[in-house]
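Here is how the chains run, residue by residue.
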Amino acid sequence: MEGLTSNLNELSQLKVDSSLELTGCKAKGLERREVDEEFQEVEEIIPTAGTHNCGGRCLIKAHVKDDIIVRLSTDNQQPDQPATPQARACVRGRAYRQTNFSPHRLKYPLKRVGPRGEGNFERISWEEAIDTIASETKRIKEEYGPSSRYVNYAWGYNARIQAMKLAQRLLALDGGYLGKYNSYSTACTSYVTPYTYGTTETGNTLDDWANSELIILWGHNPAETVFGTTMYHLRQAKETGAKIIVIDPRYNDTAVALADEWIPLLPTTDNAVMDAMAYVMITEDLYDREFVEEYCLGFDPSQMPEGFASHQSYKSYILGESDSIVKTPQWAEEISKVPADTIRRLAREYATAEAAALVQGWGPQRHAYGEQPVRGATVLAAMTGNVGNNGGWASGAGYVSRQIIPQVPLPTNPVKAKIPVFLWTDAIVRGTDMGEQDGVKGVDKLDNNIKLIMNLAGNALINQHSDCNRTAQILKDESKVEFIVVSELFMTSSAKFADILLPGDTFFERNNISTPWGYGDYVIYNNKVVDAPFECRNEYDWLADVADKLGIKEEFTAGKERMEGWCEWIVAGIQKHHPEFPSYQKFKERGIYKWAYEQPKVAFKEQIEDPENNPFPTPSGKIEIFSKRLFGLNQPEEIPAIPKYIAAWEGPTDQLIEKYPLQCIGWHYKRRCHSIHDNNPWLEEVARQEMWINPKDASARGIEDGEDVRVFNDRGTVQIPVKITPRIISGVVAIPQGAWWQPNQEGVDTRGNINTLTTQKATPLAKGNPQHTNLVEVNKI
């Protein structure tokens, strides 16, 4: 596609139709003008930040001359100390101009013409768009009830003022909406970690890794997912002598950059390896017996809650006393393909290290039984005494925070019903049949099927949700969902399914405040740099207009006519909790504020040092290896009371593997933030969309490196170029997630969207997405 280049001479000569012309400049007229090629005389540098749902949250400095963003730079301030590292942009951040100022931006409000999903629209006025949204919102509430209205999962921008939550604010003030819980990213780890620890705040701050002798990154690839300042602190740890081991089906970019060892394994088999590690620690008496006895519940028969049999303990399971299967390294090797000797050595290294951190990524918990590796890792952390200590890591969710950063508040939703976020398509087709067994909370059963969807600044309406073909068929049926409103920057696969499609603004065109994913002691002011082009508008502005039509504008805006009013409110909230925080104006001018601390924050330090006065926030006050709450669910085959290896459907032992013999996983790609930037030609040069396959598997199919192949299962077919590489374990293929779904007339996705192949079958407890659990076959075209 055509995009703007960094060569300003080419920019000034770019020839496009005047109806398509777009530059990073003063927007409303967008008159043609010559652009000075000299960067040296740029008049102003305005700090802002990418607010996409990227883990980095980098500082972006927009160099502006004559209302045109002529180039971008990033954080170049030398840190005062290791605790305040730079928030530097990666390749994605440096390519923002090419994405956000593409001539393919949506420019005007649009109304669907023809069947839904075909992408045919006609231009309408903002007045008509607002009237239609307000009237349909009111009609559907009156006809079906407020619980028929749903705000879809959408994180196209992730900041303290966020479009999805603004839509929830509107509907809450207008009688309510069907709520949701969990996320596509962390459903299992967020849901199940509290069963062990009583909280998701189980991580130390990353500056504590300097105290680690060993760091195990289990399915964690921060070189591409970023996670704030994670890579900086990993490098610091490595410089101080930490050994880094990466466990992943792929030799990922983090392993390339930092790992002393890569241990590949088959997807869905993590718990087999964890169980075998526990076996080695138990049989060789390497585990921290005193720690387990004092702080844990259910590890061995002597620690079982009253009324439970001794064979139900974790140790009994590992030794085969409960199921006659001894969890030896040889047993795990047959399942996972990790050599038994490697498992033994890994267990010994972890158990005998002075301080060790087993840090889980989010990929392993996006599997058929994703709850299990989360809890399995927490047991290993407890067995080795790496909870509440410097250099350790309690594992599980691993969240940690040292600041309180407010966000626009959500009013109480009058509708009490909530669904797992992953099951919204089920709530369209069988909502009134959904109840507790489907993860419904707040009510026994749903009152309605979903009839209205607001999908604001997100691509999960199709692209990022599982099984694109099934989702498309559901949404095409206009008797099911009767009205869909979408705000977007481009004609994405999700945008094509809108009834009303609205042109959004970019972070260059609005004020906001943002923070990184979990790790990084800083907050960024996202300064507005240029006006939004054509008739593009921020969601807050037009939602306020809808609120006005519904008679609730005053409540919706709380007296704040523009987003900057909320920015001032947020800063006041930060100052309330952090008196050292600068004034609003100084923060806005500086663009970033970094906190510095003398000591790391260590999760559960108080519980370990003074357990009598600081019990764990669990029902027993201990680390619950055995959970009475999980036992009480009475689903031991899929939701056991202790973490176990459970053979996955569409895993390596499923009989379906005879038809589809390859496991297929996805990963977060360095050239995209989820699906954002897929239309950026610069980033296509950085990393094209291609599937990884092991040489052994390619040879067996006569596949040559670089050629297009078809990847298929019963859910769909993808056409994609192939990369033959030993960087992936045999028996597994990997497709980077986020490519824009583009089915041809035969229904074959020609861009390589992995969700053409993924399933909508949720995990058993969290009802999370299992989008890395897929069996496929690959053929030459």
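The structure under discussion appears in the preceding block.
Note that the coordinates shown come from a computational prediction; the quantities given were computed from them, not determined experimentally.

Student: Is there a simple way to explain the overall build of the chain in this structure?
Tutor: Along the backbone of the chain there are 25 helices and 26 strands. Computed over C-alpha atoms, the radius of gyration of the chain comes to 26 Å, within 12% of the 28 Å expected from 2.2 N^0.38 for 781 residues, which places it in the range of a compact globule. Considering only C-alpha atoms, the chain reaches an extent of 75 × 60 × 55 Å along its principal axes. For the chain, the proportion of its 781 residues judged to be buried stands at 64%. Considering only intrachain contacts with a sequence separation of at least 6, the fraction spanning at least 24 residues in the chain is 73%.

Student: Hey, could you run me through helix 20 (residues 563–577) in this one?
Tutor: An α-helical turn contains 3.6 residues, so any two residues separated by three or four positions project in the same direction. In a regular helix each residue adds 1.5 Å, so 15 residues correspond to 21 Å; helix 20 covers 22 Å between its end C-alpha atoms and thus fits that length. The complete set of buried residues in helix 20 reads M563, G565, W566, C567, I570, V571, G573 and I574. Tucked into the core, helix 20 has its buried residues touching helix 5 (163–173), strand 17 (512–514), strand 18 (522–526), helix 18 (539–550), helix 19 (553–557) and helix 21 (584–590).

Student: Would you mind going over the pattern of salt bridges with me for this structure?
Tutor: Proximity of charged atoms lets side chains of opposite charge pair with each other. Counting across every chain of the model gives 48 salt bridges. For E128, the salt bridge goes to K111, with nearest N and O atoms at 3.2 Å. Pair noted here: E128 is in helix 4 (residues 126–144) and K111 is in strand 4 (residues 110–112), with a separation of 17 residues, a long-range link. Here E128 falls in the partly exposed class, since its relative accessible area comes to 31%. One connected set of salt bridges, linked through shared partners, spans E224, R250, D253, K670 and R727.

Student: Is there a simple way to think about the packing of helix 5 against helix 18 in this case?
Tutor: If you want to describe how two helices pack, look at the angle between their axes and the distance between the axes. For the pair helix 5 and helix 18, interaxial distance at closest approach is 10 Å and the crossing angle is 10°. Overall, the two elements helix 5 and helix 18 adopt an arrangement that is roughly parallel. On helix 18, the residues touching A163, L166, A167 and L170 of helix 5 are E539, Y540, L543, V546, A547 and L550. For the contact of helix 5 with helix 18, the per-class residue count stands at nine nonpolar, no polar and one charged.

Student: Help me out: how do you make sense of the packing of aromatic side chains in this one?
Tutor: Note on aromatic pairs: each is described by the distance of the centres and the angle between the planes. Scanning the model with the defined rule gives 39 aromatic pairs in all. Relative to F631, the ring of F626 has its centre 6.0 Å away and its plane inclined at 35°; by these criteria the two rings are tilted. Through a chain of ring-to-ring contacts, three or more aromatic side chains come together here, namely W209, F227, W362, W393, W517 and Y519. Over the ring of F534 we find K107; its NZ or CZ atom is 5.7 Å from the centre of that ring. Of note, R250 hangs over the ring of W692, and the distance from its end group to the ring centre comes to 4.8 Å.

Student: Looking at this structure, I do not really get the side chain of R112. What am I missing?
Tutor: Turning to its location among the elements, R112 is positioned in strand 4. Taking the relative accessible area as the measure of exposure, R112 reaches 19% and is therefore buried. Within the structure, the side chain of R112 is placed 2.6 Å from the backbone oxygen of G114, a separation counted as a polar contact. Reaching out from R112, the side chain makes a polar contact with the side chain of E478 at a distance of 3.2 Å.

Student: Sorry, what's going on with the sheet that holds strand 17 here?
Tutor: Remark on secondary structure: sheet strands pair via backbone hydrogen bonds, oriented parallel or antiparallel. Strand order in the open sheet formed by three strands is 17-18-19, with antiparallel pairing between adjacent strands. If you trace the sheet from one side to the other, it starts and ends with strand 17 and strand 19 (592–594), each paired once. Taking the axes of each pair of neighbouring strands and ignoring which way they run, one obtains an average angle of 15° across the sheet. As judged from the three bridges shared by strand 17 and strand 18, these two strands associate in the antiparallel manner. Residue pairing for strand 18: S514 is matched across the bridge by I524.

Student: Whenever I open this one, the sheet that holds strand 23 (residues 708–713) confuses me. Can you help?
Tutor: If you trace the six strands once around the closed barrel, you get 21-25-22-24-23-26, paired in mixed fashion. Each strand of the sheet is rotated relative to its neighbour by a mean of 45°, with strand direction disregarded. Taken together, the two bridges between strand 21 (residues 662–667) and strand 26 (residues 775–780) define a ladder with antiparallel strand orientation. Within strand 26, the residue paired with Q663 across the bridge is L775.

Student: Help me out: how do you make sense of the nonpolar core in this one?
Tutor: Note on soluble globular proteins: their nonpolar side chains tend to be buried together. Core analysis: the biggest nonpolar cluster contains 58 residues, and M277, Y314, Y350 and M383 have the highest contact counts within it. Here the element with the most residues in this core is helix 10 (residues 270–283); it accounts for 10 residues. If we skip the residues at most four places from it in the chain, Y350 touches L214, I216, M277, M281, A356, L358, L380, A381, T384 and N386. Counting residues in hydrophobic clusters, the runner-up holds 52 residues, among them I405, L502, L550 and I570.

Student: What's the story with the side chain of T425 in this structure? I'm lost.
Tutor: Within the fold, T425 resides in helix 16 (residues 424–430). By relative accessible area, which is 1% here, T425 ends up buried. Of note is the side chain of T425, whose polar atom sits 3.2 Å from the side chain of H465. Ignoring anything within four residues of it in the chain, the contact list for T425 reads H465, R470, T471, I474 and Q760.

Student: What's the story with the packing of helix 10 against helix 15 (residues 371–383) in this structure? I'm lost.
Tutor: Helix 15 packs onto helix 10 with a crossing angle of 20° between their chain directions and a minimal axis gap of 9 Å. With respect to helix 15, the element helix 10 is oriented roughly parallel. Seen from above, helix 10 lies across helix 15 with left-handed handedness. Contacts between helix 10 and helix 15 involve D270, N271, M274, M277, A278, M281 and I282 from the former and Q372, P373, G376, A377, L380 and M383 from the latter. Taken together, the residues of the contact of helix 10 with helix 15 break down into nine nonpolar, three polar and one charged.

Student: Looking at this structure, I do not really get the environment of Q464. What am I missing?
Tutor: Checked against the element boundaries, Q464 lands in the loop between strand 14 (452–456) and helix 17 (468–476). The spacing of Q464 and L775 is 311 residues in sequence and 19 Å in space, taken between C-alpha atoms. Sequence-distant contacts of Q464, defined by excluding residues within four places in its chain, comprise Y184, N459, H674, S675, Q737, G738, N755 and Q771. There is a polar contact of 2.8 Å between the side chain of Q464 and the side chain of N463.

Student: Can you help me understand helix 8 (residues 230–239) in this one?
Tutor: Those residues of helix 8 that fall on the buried side of the exposure criterion are T230, M231, H233, L234 and A237. Angularly, the buried residues of helix 8 cover 165° about the axis, an arc narrow enough to put them on a single face. Tucked into the core, helix 8 has its buried residues touching strand 8 (214–218), helix 7 (222–225), strand 9 (243–247) and helix 9 (253–258). G241, located one to two residues past helix 8, shows a positive phi value of around 110°.

Student: Explain the pairing of strand 25 (residues 732–736) to me, please; I cannot follow it from the model alone.
Tutor: Counting buried residues in strand 25 gives five out of five residues, a clear majority hidden from the surface. In strand 25, alternate side chains face the same way, and those of V732, A734 and P736 on one face and V733 and I735 on the other are all buried. Where strand 21 lies against strand 25, five bridges are found, and the strand directions are parallel. Following the sheet pairing, C664 is matched in strand 25 by V733. Pairing of strand 22 (residues 691–693) with strand 25, which is carried by two bridges, proceeds in the antiparallel orientation. Considered in strand 25, the bridge of I693 is made with V733.

Rules used in this analysis
Residues numbered from 1 in each chain as written. Predicted model: local features only at pLDDT ≥ 70, side-chain atom pairs only at ≥ 80, totals over all residues. Heavy atoms only, no water. Helix = DSSP H or I, 4+ residues; strand = E, 2+ residues; numbered from the N terminus. Rg over C-alpha atoms; globule rule 2.2 N^0.38 Å. Buried < 20%, exposed > 50% of the residue type's maximum accessible area, 1.4 Å probe, protein only. Contact = heavy atoms within 4.5 Å. Expected span 1.5 Å × (residues − 1). Salt bridge = Lys/Arg side-chain N within 4 Å of Asp/Glu carboxyl O. Axes fitted to C-alpha atoms, helices over the stretch in contact; angles between N-to-C directions. Parallel < 35°, antiparallel > 145°, perpendicular 65-115°, else oblique. Nonpolar A, V, L, I, M, F, W, Y, C, P; charged D, E, K, R; others polar. Phe/Tyr/Trp six-rings, centres within 6.5 Å; stacked < 30°, edge-to-face > 60°. Lys NZ or Arg CZ within 6 Å of the ring centre and 35° of its normal. Polar contact = N/O pair within 3.5 Å; in protein donor to acceptor, adjacent residues only side chain to side chain. Pairing = 2+ DSSP bridges. Core = buried A, V, L, I, M, F, W, Y, C linked by side-chain atoms within 4.5 Å. Left-handed = near helix turned anticlockwise from the far one by under 90°. Arc of directions from axis to C-beta.

Everything listed is a geometric property; what it means functionally is a separate question.
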